[in-house]
Amino acid sequence: MAINHYDREGYRVSWETVKRDWPLWALLVALLAFAVWAYPQLPELMPSHWNLRGEVDDYVGKAWGAFFFPALIAGIYLGMLLLPLADPRRNNYGRFTGVYTWFRWLLVLFFSAVYLVTILYALGFPMDVGRVIQVGISLLFLLLGNFLGQVRHNYFVGVRTPWTLADEEVWAKTHRFTGRLFVLAGLAGLVTVFGAPRSLAFAVTVGGILAAALAGTIYSYLLFAAKRSSP
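Below or above, wherever it landed, is the structure these notes cover. (Residues numbered from 1 in each chain as written. Predicted model: local features only at pLDDT ≥ 70, side-chain atom pairs only at ≥ 80, totals over all residues. Heavy atoms only, no water.)

Thoughts on the pattern of salt bridges
- Inspection of every chain in the model, using the stated rule, returns 10 salt bridges.
- Across the pair Arg 20 and Glu 16 runs a salt bridge whose closest N-O atoms are separated by 3.9 Å. Residue Arg 20 and its partner Glu 16 are both found in helix 1 (residues 15–20); the two are separated by four residues, about one turn of the helix.
- Across the pair Asp 128 and Arg 198 runs a salt bridge whose closest N-O atoms are separated by 2.8 Å. (Salt bridge = Lys/Arg side-chain N within 4 Å of Asp/Glu carboxyl O. Helix = DSSP H or I, 4+ residues; strand = E, 2+ residues; numbered from the N terminus.)

Some words on the nonpolar core
- With 41 residues, the main nonpolar core has Leu 42, Phe 96, Tyr 100, Phe 103, Tyr 115, Ile 119 and Val 151 as its most contacted residues.
- Those elements that provide at least two residues to this core are helix 2 (22–38), helix 3 (62–82), helix 4 (97–122), helix 5 (129–148), helix 7 (168–195) and helix 8 (198–229).
- Here this core gets 11 residues from one element, more than from any other, and that element is helix 4. (Core = buried A, V, L, I, M, F, W, Y, C linked by side-chain atoms within 4.5 Å. Buried < 20%, exposed > 50% of the residue type's maximum accessible area, 1.4 Å probe, protein only.)

Considering the packing of aromatic side chains
- By the definition in use, this model includes 18 aromatic pairs.
- Ring centres of Phe 68 and Phe 69 lie 6.4 Å apart, and the angle between their planes is 90°; this geometry places the pair in the edge-to-face category.
- Put simply, the rings of Phe 34, Trp 37, Trp 64, Phe 68, Phe 69, Phe 110, Phe 111 and Tyr 115 pair up and form one aromatic cluster.
- In this structure, Lys 62 packs its charged tip against the face of Tyr 39, placed 4.5 Å from the ring centre. (Phe/Tyr/Trp six-rings, centres within 6.5 Å; stacked < 30°, edge-to-face > 60°. Lys NZ or Arg CZ within 6 Å of the ring centre and 35° of its normal.)

Here we look at the packing of helix 3 against helix 4
- Running from amino to carboxyl end, helix 3 crosses helix 4 at an angle of 180°, the nearest separation of the two axes being 10 Å. By the angle between their axes, helix 3 is roughly antiparallel relative to helix 4. Between helix 3 and helix 4, the residues in contact are Gly 65, Ala 66, Phe 69, Pro 70, Ile 73, Ile 76, Tyr 77, Met 80 and Leu 81 and Tyr 100, Phe 103, Arg 104, Leu 107, Val 108, Phe 111, Ser 112, Val 114, Tyr 115 and Ile 119, respectively.
- Along the lines of polarity and charge, the residues of the contact of helix 3 with helix 4 split into 16 nonpolar, two polar and one charged. (Axes fitted to C-alpha atoms, helices over the stretch in contact; angles between N-to-C directions. Parallel < 35°, antiparallel > 145°, perpendicular 65-115°, else oblique. Contact = heavy atoms within 4.5 Å. Nonpolar A, V, L, I, M, F, W, Y, C, P; charged D, E, K, R; others polar.)

Some details on the side chain of Asp 167
- Looking at where Asp 167 falls in the secondary structure, it is placed in the loop between helix 6 (162–166) and helix 7.
- Residue class for Asp 167 comes out buried when judged on its relative accessible area of 12%.
- One polar contact links the side chain of Asp 167 to the main-chain amide nitrogen of Glu 169, over a distance of 2.9 Å.
- Within the structure, Asp 167 has its side chain in polar contact with the backbone nitrogen of Val 170 (distance 3.0 Å).
- Those residues in contact with Asp 167 that sit more than four places away from it in its chain are His 153, Phe 224 and Lys 227. (Polar contact = N/O pair within 3.5 Å; in protein donor to acceptor, adjacent residues only side chain to side chain.)

Listed below in structure tokens is the structure:
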């Protein structure tokens, strides 16, 4: 896995950073080439959303469906690469270099997989898109949760509540707590996605992630309030 270059002055984007991310750049180029190849074969209206029963319930024009997602994924990558440069706490990124790189890679890979599955379905390949995306979401949060506790105080990535941003100890404890909950939510989603009715699997996957995020927010407030009230 790529490791970013940092120095004592904080987060920097260097040629070494870009060079180590070459698989992601290759993937972005491949997605664009795939979109150009697939475009003439796509229907004029292609599926863009599936309901809880796994049925298509919304469509977009094929130009939007083919090219918007590659542009969005490139934007996500560039945003994660460049936005920390404006973070007032960018010096802290050196304390979780590898984890931040993992996050960048995971998000690009996840959205790339969603795009490919959607295009392949529109081209007529038989697949249960809803189930595939639920598996992807569950794996994403399982992996993100596993590393969340290593994210250090910053303004760009992590559980950013008023209470975590105000206190580094609250930040650290909240991220360890929320990370464990995300792992549990991801595992629950994987267990139910193939062994439970579709609506229940969706509720467990999405509901578990939302519940974990809400619990982390409440936990951060309780920690902050307890710390301020202690002598």
